[in-house]
Amino acid sequence: MLDPQQLLGSFGAVGLFVVLFAETGLLVGFFLPGDSLLFSAGILAATPVSSATHLPLTSALVAAAAGALLGAQTGYLIGRRAGPPLLHRNDRPRVHAGVVRAQGVLDRYGHRKAIVLARFIPVVRTLMNPLAGAVGVPAGLFATWQVVGGLVWSLGVTLLGYLLGTRIPGIERYVLPVIVVVVVVSLVPVALELLKTRRRPTGGPAQGPSER
């Protein structure tokens, strides 16, 4: 389950959908390889059609988007129904630490930016969705911005893998080091937003509800 190429080779677009749904919608999915799976799907889509590992690009994009969007919406509904007690159990240290990080992103950036930026932060993207439901983020606002963030993340990383796969022959032999680069690059939006926030003058007016 943690080897993206083997998973895609065995289950194809169905495996891509299931893993992304679990990673973004279920609390048990925080350990799943979302970034690397999307990137690997793009690379496999760029391999020749005759290749045993070829994955049609259209299938990869549809599965990626569907898994990311439906998973996030499911996570939100779980959080809304179960409430804060689901997320604040101390018997699961890693989940608890992830919730603390997700809450920090939500508090720092407000609802819209946090929901989008969370897509690019491993673990946080799993826990942001139920957290948003548990703390009462409006359903319409969440749905709108999780779709924006989900499409940018799922389609963007997959297309990046496809683009590199078509331009660099044999890149599938170097998937692991390239994935590290992709994960670092995916954190750039978060880093830029963090720098932007730190440069703002302190003591300014806090965001009102309409800004969140």
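What you see is a predicted model, and the numbers here were worked out from it, not measured in a lab.

Novice: Sorry, what's going on with the packing of helix 1 (residues 4–25) against helix 3 (residues 57–82) here?
Specialist: For any two helices packed against each other, one specifies the crossing angle of their axes together with the interaxial distance. At a minimum axis distance of 7 Å, the contact between helix 1 and helix 3 shows a crossing angle of 25°. Compared by their axis directions, helix 1 and helix 3 come out roughly parallel. Regarding helix 1 and helix 3, the two cross each other, and that crossing is right-handed. For the contact of helix 1 with helix 3, the per-class residue count stands at 13 nonpolar, seven polar and no charged.

Novice: I tried to follow the nonpolar core on my own but got confused; where do I start?
Specialist: Judged by nonpolar contacts, the single largest core of 22 residues is most densely connected at Leu-8, Leu-16, Leu-38, Leu-55 and Trp-153. Broken down by secondary-structure element, the contributors of at least two residues to this core are helix 1, helix 2 (34–46), helix 3 and helix 6 (139–167). When residues of this core are assigned to their parent elements, the largest contribution, seven residues, is made by helix 1. Beyond its immediate sequence surroundings of up to four residues, Trp-153 is in contact with Leu-20, Glu-23, Thr-24, Gly-34, Asp-35, Leu-38, Ala-68, Arg-119, Phe-120 and Arg-125. Grouped together as the second largest cluster of nonpolar side chains are 18 residues, Val-95, Val-105, Leu-106 and Met-128 included.

Novice: Can you help me understand the pattern of salt bridges in this one?
Specialist: Pairing between side chains of opposite charge can happen when their charged atoms approach one another. Summed over all chains, the structure comprises two salt bridges. Put simply, Arg-125 and Glu-23 hold a salt bridge, and the shortest N to O gap is 3.0 Å. You can see Arg-125 sitting in helix 5 (residues 124–134) and its partner Glu-23 sitting in helix 1, a full 102 residues away along the chain. Here Arg-125 falls in the buried class, since its relative accessible area comes to 3%.

Novice: Would you take a moment to explain the confidence of the model for the protein for this structure?
Specialist: Reading fine detail from the predicted coordinates is not recommended where pLDDT is low. Averaged over all residues, the pLDDT of the protein equals 80, while 75% of them reach at least 70. Across the protein, the element-wise mean pLDDT spans from 61 in helix 8 (residues 188–199) up to 94 in helix 3. Note that pLDDT drops below 50 for residues 202–211; the model gives that stretch six contacts with residues more than four away or on any other chain.

Novice: Even after reading the chapter, I still don't get helix 6, so can you show me in this structure?
Specialist: Think of an α-helix as turning once every 3.6 residues; residues three or four places apart then point the same way. The end-to-end C-alpha distance of helix 6 is 41 Å, a good match for the 42 Å that 29 residues give at a rise of 1.5 Å each. Three or more residues of helix 6 are buried, namely Leu-141, Phe-142, Gln-146, Gly-149, Gly-150, Trp-153, Ser-154, Val-157, Thr-158, Gly-161 and Gly-165.

Novice: Can you help me understand the UniProt feature "transmembrane region" (unreviewed entry) in the protein in this one?
Specialist: In this structure's numbering, the residues bearing the UniProt feature "transmembrane region" (unreviewed entry) are residues 7–32, 52–72, 116–137, 143–162 and 174–192. Helix makes up 76% of residues 52–72 and strand 0%. Its end C-alpha atoms lie 32 Å apart. With 100% helix and 0% strand, the stretch residues 143–162 has end C-alpha atoms that lie 28 Å from each other.

Novice: What am I meant to see in the environment of Leu-38 here?
Specialist: With respect to the helices and strands, Leu-38 occurs in helix 2. When residues no more than four places from it in sequence are discounted, the contact partners of Leu-38 are Leu-16, Leu-20, Ala-64, Trp-153, Ser-154, Val-157 and Thr-158.

Novice: Just to check I follow, could you spell out the packing of aromatic side chains for this structure?
Specialist: Each pair of aromatic rings is reported with the distance of its centres and the angle of its planes. Scanning the entire structure with this criterion turns up two aromatic pairs. Ring geometry for Tyr-76 versus Phe-142: centroids 4.4 Å apart, planes at 15°, classification stacked. Here Phe-142 lies in helix 6 and Tyr-76 lies in helix 3, a separation of 66 residues in the sequence. The exposure class assigned to Tyr-76 is buried, which follows from its relative accessible area of 1%. The class of Phe-142 is buried, set by a relative accessible area of 0%.

So, how was this worked out
Residues numbered from 1 in each chain as written. Predicted model: local features only at pLDDT ≥ 70, side-chain atom pairs only at ≥ 80, totals over all residues. Heavy atoms only, no water. Axes fitted to C-alpha atoms, helices over the stretch in contact; angles between N-to-C directions. Helix = DSSP H or I, 4+ residues; strand = E, 2+ residues; numbered from the N terminus. Parallel < 35°, antiparallel > 145°, perpendicular 65-115°, else oblique. Left-handed = near helix turned anticlockwise from the far one by under 90°. Nonpolar A, V, L, I, M, F, W, Y, C, P; charged D, E, K, R; others polar. Core = buried A, V, L, I, M, F, W, Y, C linked by side-chain atoms within 4.5 Å. Buried < 20%, exposed > 50% of the residue type's maximum accessible area, 1.4 Å probe, protein only. Contact = heavy atoms within 4.5 Å. Salt bridge = Lys/Arg side-chain N within 4 Å of Asp/Glu carboxyl O. pLDDT = per-residue confidence, 0-100. Expected span 1.5 Å × (residues − 1). UniProt positions renumbered as here; feature names shortened; annotations may be inferred. Phe/Tyr/Trp six-rings, centres within 6.5 Å; stacked < 30°, edge-to-face > 60°.

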